[in-house]
Amino acid sequence: MLEVQNLSMRFGGLLAVDQVTLDVQEHEIVSIIGPNGAGKTTVFNCISGFYKPTGGKILFEGGEIQGKPDHKISRLGMVRTFQHVRLFGQMTVVENLLVAQHRHLNTNLLAGLIKTPDYREREQKSLDRAAYWLERVGLMELANREAGNLAYGQQRRLEIARCMVTEPKLLMLDEPAAGLNPAETKDLNQLIISLKEDYNVSVLLIEHDMSLVMDISDRITVINQGRPLAAGTPDEVRNNDDVIKAYLGEA
Ligand SMILES: Nc1ncnc2c1ncn2[C@@H]1O[C@H](COP(=O)(O)OP(=O)(O)OP(=O)(O)O)[C@@H](O)[C@H]1O
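The model shown is predicted, which means the values in this text are computed figures rather than measured ones. (Residues numbered from 1 in each chain as written. Predicted model: local features only at pLDDT ≥ 70, side-chain atom pairs only at ≥ 80, totals over all residues.)

1. Regarding the overall build of the protein chain
- Broken down by element type, the protein chain carries ten helices and ten strands.
- What you see for the protein chain is a C-alpha radius of gyration of 19 Å, in line with the 18 Å of a compact globule of 251 residues.
- Principal-axis analysis of the C-alpha atoms gives the protein chain an extent of 60 × 40 × 30 Å.
- Taking all 251 residues of the protein chain together, 39% fall into the buried category.
- Counted over contacts in the protein chain with a minimum sequence separation of 6, partners at least 24 positions apart contribute 66%. (Helix = DSSP H or I, 4+ residues; strand = E, 2+ residues; numbered from the N terminus. Rg over C-alpha atoms; globule rule 2.2 N^0.38 Å. Buried ≥ 20, exposed ≤ 12 C-beta atoms within 10 Å, placed from the backbone. Contact = placed C-beta atoms within 7 Å.)

2. Section: the nonpolar core
- Counting residues in each nonpolar core, the largest one holds 65 residues, and the members touching the most others are A161, L171 and V203.
- Here this core spans two domains, since at least three of its residues come from each of domain 1 (2–77 + 168–250) and domain 2 (89–154).
- Setting aside residues up to four positions removed in sequence, A161 forms contacts with L97, W133, L134, V137 and L139. (Core = buried A, V, L, I, M, F, W, Y, C linked by C-beta atoms within 7 Å. Domains from an automatic or database assignment.)

3. Let's talk about the site of the ligand
- Taken together, the residues surrounding the ligand are F11, L14, A16, G34, N36, G37, A38, G39, K40, T41 and T42.
- Secondary structure elements with two or more residues in the shell around the ligand: β2 (14–24) and α1 (40–47).
- A per-element tally of the shell around the ligand places α1 first, with three residues. (Near = placed C-beta within 6 Å.)

4. Points about helix α6 (residues 152–164)
- With 13 residues, α6 ought to run about 18 Å at 1.5 Å a step, and its terminal C-alpha atoms sit 19 Å apart, in line with that.
- Where burial is concerned, most of α6 is hidden: ten out of the 13 residues are buried.
- Along α6, the positions that sit buried rather than exposed are Q155, R156, R157, L158, E159, I160, A161, R162, C163 and M164. (Expected span 1.5 Å × (residues − 1).)

5. Describing the sheet that holds β2
- The four strands are arranged β2-β1-β4-β5 in an open sheet whose pairing can be described as antiparallel. Since the sheet does not close on itself, it has two edges, and those belong to β2 and β5 (63–64), each with one partner.
- Relative to β5, strand β4 (residues 55–60) runs antiparallel, the two sharing two bridges. Paired with F60 across the two strands is G63, which belongs to β5. (Pairing = 2+ DSSP bridges.)

6. Section: the domain arrangement of the protein chain
- When cut into domains, the protein chain gives domain 1 (2–77 + 168–250) and domain 2 (89–154).
- For domain 1 and domain 2, the distance between their C-alpha centroids amounts to 28 Å.
- Counting residues at the interface gives six residues for domain 1, matched by four residues for domain 2.
- Those elements giving two or more residues to the side of domain 1 that touches domain 2 turn out to be α2 (70–75) and α7 (182–199).
- Looking at side-chain class alone, the side of domain 1 that touches domain 2 contains two nonpolar, two polar and two charged residues. (Nonpolar A, V, L, I, M, F, W, Y, C, P; charged D, E, K, R; others polar.)

7. Considerations on the pairing of strand β1 (residues 2–11)
- Here β1 pairs with β2 via seven bridges, running antiparallel. From the neighbouring strand, L2 faces β2, where its bridge partner is V24.
- Hairpin connection between β1 and β2: a loop of two residues separates the two successive antiparallel strands, and G12 in this loop has a positive phi of roughly 55°.
- Two strands pair when backbone bridges link them, and β1 and β4 are joined in this way by five bridges, in the antiparallel orientation. For E3, the partnering residue across the bridge sits in β4 and is L59.

Here it is, written out as structure tokens:
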């Protein structure tokens, strides 16, 4: 589904990502881990179209996407969350989900003004999807609250719902457990597994919470100082000497 081949990203004199190769197949949860500053978010930014990589190829369902703008990439079915929550804080919870779908569908302004039957039907479907995902992530009762007033863990769940209403094939999550308490992390763990099992969404994950990563990942890629260090199943990665050294070095 997603293939990243020899991806590189240079910022001036700094080679933040150096020849990273990884792939995500259908029905898979793949994690990218590595010490702080290893280049994980930069890999995400290249894949999702926020940066134009300086080298390498990115293929999504067989087509090259490197350098395409983020809105085009998200319409192909690959959407992401951010390390720092990026909701529309002054809109309500449900409005955030409706706006996400409008932006995704590129709704025609004229159709919206005269409210064609086709437009009304799409509006209804957007509302249904929003309601479904609010229920699914446990935010239905907060639908009319301002998103900015939600507790942090609720905002993180809303972010995932905001991705899911666009019905992605691949969901990219950048440190979804950061700032969550243990109970919230456990819920997140189950939610991510359910996205794969019940909705057939593949997941690419950056995460520092090792118990979450080891628990839910089918495969893990380790990056260190921009370079790929190891890749394999959670067990293979856990027992890899280079990985152990990199993490001990950080501590
Ligand atoms: N826009 C940018 N301009 C210049 N340097 C950047 C830019 N974005 C990232 N970097 C640098 O690239 C390197 C990799 O950063 P990146 O954020 O990708 O690491 P990370 O593995 O996601 O780290 P963390 O786990 O702390 O989030 C860092 O040295 C960072 O300072």
